[in-house]
Amino acid sequence: MCDTCGCNITDGNRHLIEEGGKHAHTDDGSVAVEVLQNLLNANDHQAAHNREHFDRHQLLTINLMSSPGSGKTRLLETTIDTIKKRYRMGVIEGDLETENDAQRIRQKGVEAVQITTGTACHLDAHMIHHALHQMNLDELDILFIENVGNLVCPASFDLGQHLNITLLSVTEGDDKPAKYPVIFRAADHVLITKSDLLVMLDDFNTEKAEQAVRHLAVEAPVTLISAKNGEGFETWLTWLDEQVQKQAERRAKGETTNPKLQTEGIHMHAQDTR
Amino acid sequence: MHELSICQAMLTQVEEIAQREHASQVTRILIRIGPLSGVVPELLQQAFTIARAGSVAASAELETELQSIRVRCQQCGAECDAETNRLICCECGDFRTQLISGDELLLASVELTREPEEEGTGDD
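Residues numbered from 1 in each chain as written. Chains lettered and ligands numbered in written order. Predicted model: local features only at pLDDT ≥ 70, side-chain atom pairs only at ≥ 80, totals over all residues. Heavy atoms only, no water.

Participant: I tried to follow the pairing of strand β1 (residues 23-33) of chain B on my own but got confused; where do I start?
Facilitator: Side-chain direction in a regular strand flips from residue to residue, so the side chains alternate between the two faces of the sheet. Residues and elements named next belong to chain B. For β1 and strand β6 (residues 105-114), the ladder comprises 9 bridges, and the chain directions are antiparallel. When the sheet's bridge partners are listed, Leu30 is paired in β6 with Ser109. By the bridge criterion, 6 bridges tie β1 to strand β2 (residues 61-66) in an arrangement that is parallel. The residue of β2 that forms the bridge with Ile29 is Leu62. For the handedness criterion, the β-α-β arrangement of β1, helix α2 (residues 41-51) and β2 is classed as right-handed. (Pairing = 2+ DSSP bridges. Helix = DSSP H or I, 4+ residues; strand = E, 2+ residues; numbered from the N terminus. Right-handed = clockwise from strand over helix to strand, strands pointing away.)

Written out as structure tokens, the structure is:
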């Protein structure tokens, strides 16, 4: 995508392309070729292809990212229980090993495909594409992708999803967004999970956590939530309803949306080209 | 940890370029990385020494240009340098800023040696 649309061409490098500088010869006779492609070009192409699949099948795809044990699967279980009658849902689970999470989801009566990555610390667009072939997308309204539990690597790989959710459980500490800025910057909604444990934790300050998110220039909603006692679920599910509605509106107009970060990046690069 | 995957993706692109340019060897790869790309240049460098083996870039050098973080305030319009976990406006303190640079993950250029035959005689 980015090698063809020109969004990587800036005022600083345009001359290299326009003035025949693309193949500048160096002193030793070798040739320097300007490229200006995203390093993850192949992944991005596959992600765009996945997104076309999702759009064609009229479904909303949401990628969940967090550290291991922050409650992604539990959030999905309670979400499925609550809105199963309203939406047809499917889940792609990513873990290094085991089918445990997919089995938990299947027990809720929802189709789940488990990706076991072996040693890979993240899901990529090719793995998702492979998993999609095992699913009937026509029978879904929402597809959740539960990424490998990891607060670093998943943020760098576009899977073709429309939206990102980043979870932070209260046991992890309120400064996590400051420590792992890349993954929290990517969030379209930050969920502070396991709020039922706050009574036992005197050192987690919810306002401080939200402020750390804001310091990353993130305007996305931050919601305190508990899959155990239901706190925050009304807010979370209302947001989800809105997103399903927005996706339907986009589809009606033949449009799509990229997860927040990529859209912002392309927008900024486009401004640079003026 | 994901630096090896990224390195392999980069080498696939480099191989394609080398093939298209009829190059026998890649001597230097220049990349631009911003701190907010989520990629650590040192780890990428280490991964590169492993991943390049047996490829057209087996003896190539990997050079990284680290990009600085700059934001533009959507409220007052100021442009400032920023830190990875503090992207707020340096003038008015508002958090609604846009990133101007700092999340790059770009393959900028590739230096290569052409096949010994005369240049420009190809059928392209």
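Participant: I keep staring at the state of the cysteines and nothing clicks. Help me out?
Facilitator: Each disulfide is one covalent bond, formed between the sulfur atoms of two cysteines. Residue and element names in this part refer to chain B. By the definition in use, this model includes 1 disulfide over all chains. Note that Cys80 is cross-linked by a disulfide to Cys90, the S-S spacing being 2.4 Å. The disulfide joining Cys80 to Cys90 has a torsion of about -90° about its S-S bond and is therefore left-handed. Of this pair, Cys80 sits in strand β4 (residues 79-81) while Cys90 sits in the loop between β4 and β5 (97-101), placing them 10 residues apart in sequence. A relative accessible area of 2% means that Cys80 is categorised as buried. (Disulfide = S-S within 2.5 Å. Buried < 20%, exposed > 50% of the residue type's maximum accessible area, 1.4 Å probe, protein only.)

Participant: Would you mind going over unusual backbone geometry with me for this structure?
Facilitator: Leave glycine aside and you will find that most residues have negative phi; peptide bonds, for their part, are mostly trans. Residue and element names in this part refer to chain A. The phi dihedral of Lys194 is positive, around 60°, even though this residue is not glycine. You can see Lys194 is positioned in the loop between β8 (189-193) and α9 (206-214). A relative accessible area of 27% means that Lys194 is categorised as partly exposed. Of note, the phi angle at Ala217 is positive, near 65°, even though the residue is not glycine.

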